Amino acid sequence: PGYARCYQCAQHDLLGPGLLADVVVPVSYAVKGSAFAASLWRYKAWSGPDPAARTSLLALLLAFLHDHGRCVWRRAGMPAPARLAVVPTGCGRPGPHPLLELTRPYLRLPVTGLVIRAGEQGRDPNPDRFIAERAGPGASVLLLDDSWVSGASAQSAASALKRAGARHVAVVVLGRHVDPADRLSAPLAARLVPR
């Protein structure tokens, strides 16, 4: 109350003018302790991915993009995306990101790679956290993220893509995390998860 933006969103502005994503759209809420929140963790678990979690998340994302993609692009002020990127994991996981492996055969867009810069991990927005491949001048990029807590990683990745030549970046996030133990989130979480 009394503020136009939450603290995290106000922090995103520190990335600089014109460097934020043009639109951020969460597909669903991921309430801590729910089956959906667990699927977001299990689909890329270090111990081995859960095939059922991968299948359900892929179906959710593809259905969302089919049904709502045009609205997302319109809201971002961009044509349909010409490139695909995925927000890297904060721990610098080696190899392709599981979300990229999962979606690449279906989205069939050229990939603009993003890697985390050594020593730049953190929870705050940082325009130097990621290194992006050249996106091509004026490119429209679909940036996928599996989960959104504060948004710092996704916005830092959008910043790197814009600095690498992207004109538009639309972020689509599978799950916006909500913690029912947080007093400000509790009323929303109670409406989202039936008891």
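Rules used in this analysis
- Residues numbered from 1 in each chain as written.
- Predicted model: local features only at pLDDT ≥ 70, side-chain atom pairs only at ≥ 80, totals over all residues.
- Heavy atoms only, no water.
- Helix = DSSP H or I, 4+ residues; strand = E, 2+ residues; numbered from the N terminus.
- Buried < 20%, exposed > 50% of the residue type's maximum accessible area, 1.4 Å probe, protein only.
- Polar contact = N/O pair within 3.5 Å; in protein donor to acceptor, adjacent residues only side chain to side chain.
- Contact = heavy atoms within 4.5 Å.
- Axes fitted to C-alpha atoms, helices over the stretch in contact; angles between N-to-C directions.
- Parallel < 35°, antiparallel > 145°, perpendicular 65-115°, else oblique.
- Nonpolar A, V, L, I, M, F, W, Y, C, P; charged D, E, K, R; others polar.
- Pairing = 2+ DSSP bridges.
- Expected span 1.5 Å × (residues − 1).
- Core = buried A, V, L, I, M, F, W, Y, C linked by side-chain atoms within 4.5 Å.

Draft legend 1. Seen up close, the side chain of Asn126. On the secondary structure map, Asn126 appears in the loop between strand S3 (114-116) and strand S4 (130-132). Asn126 gets classed as buried once you look at its relative accessible area, which sits at 15%. A polar atom in the side chain of Asn126 sits 2.7 Å from the backbone nitrogen of Asp128.

Draft legend 2. Here's a closer look at the environment of Leu58. Position of Leu58 among the secondary structure elements: in helix H3 (residues 51-76). Spatially, the C-alpha atom of Leu58 lies 10.0 Å from that of Tyr43, the residues being 15 residues apart in sequence. With residues near it in sequence (within four places) discarded, Leu58 still touches Leu102, Thr103 and Tyr106.

Draft legend 3. Spotlight on the packing of helix H2 (residues 35-42) against H3. Packing of H2 against H3 leaves a shortest axis separation of 9 Å and a crossing angle of 110°. Regarding the angle of H2 to H3, the classification is roughly perpendicular. Facing Phe36, Ser39, Leu40 and Arg42 of H2, the residues of H3 in contact are Ala53, Ser56, Leu57 and Leu60. For the contact of H2 with H3, a count of residues per class yields 5 nonpolar, 2 polar and 1 charged.

Draft legend 4. Broad picture of the sheet that holds strand S2 (residues 83-86). If you walk across this open sheet you meet the 4 strands as S1-S6-S5-S2, and the pairing is parallel. Sheet topology places strand S1 (23-31) and S2 at the edges, where each strand pairs with a single neighbour. Pairwise comparison of adjacent strand axes, ignoring direction, gives a mean angle of 20° for this sheet. In terms of strand pairing, S2 meets strand S5 (residues 139-148) through 4 bridges, oriented parallel. By the bridge assignment, Arg83 is partnered in S5 with Val141.

Draft legend 5. Up close: helix H5 (residues 152-163). Given a rise of 1.5 Å per residue, 12 residues ought to cover 16 Å, and the 16 Å separating the end C-alpha atoms of H5 matches this to within 8%. Three or more residues of H5 are buried, namely Ala152, Ala154, Gln155, Ser156, Ala157, Ala158, Ser159, Ala160, Leu161 and Lys162. Note on H5: the residue one or two positions beyond its end, Gly165, has a positive phi of about 115°.

Draft legend 6. The nonpolar core, seen in detail. The biggest cluster of nonpolar side chains holds 29 residues, and the ones touching the most others in it are Leu65, Val72, Leu142, Leu144 and Val172. Looking at this core, the elements with two or more residues in it are S1, H2, H3, S2, helix H4 (98-107), S5 and strand S6 (166-178). Per-element tally for this core: the top contributor is H3, with 9 residues. Those residues within four positions of Val172 in sequence are excluded, and the remaining contacts are Val25, Val27, Leu61, Phe64, Leu65, Val72, Leu142, Leu143, Leu144 and Asp145. In this structure, Ala135, Ala157, Val169 and Val173 belong to the second largest nonpolar core, which totals 21 residues.

Draft legend 7. Here's a closer look at the side chain of His168. For His168, the location among the structural elements is in strand S6. Among all residues touching His168, those that are not within four sequence positions of it are Asp22, Ala76, Gly77, Met78, Ala139, Ser140 and Val141.

Draft legend 8. Representation of unusual backbone geometry within the structure. Of note in the backbone geometry, Arg108 takes a positive phi value of approximately 50° without being a glycine. Inspection of the secondary structure assignment puts Arg108 in the loop between H4 and S3. With a relative accessible area of 71%, Arg108 lands in the exposed category.

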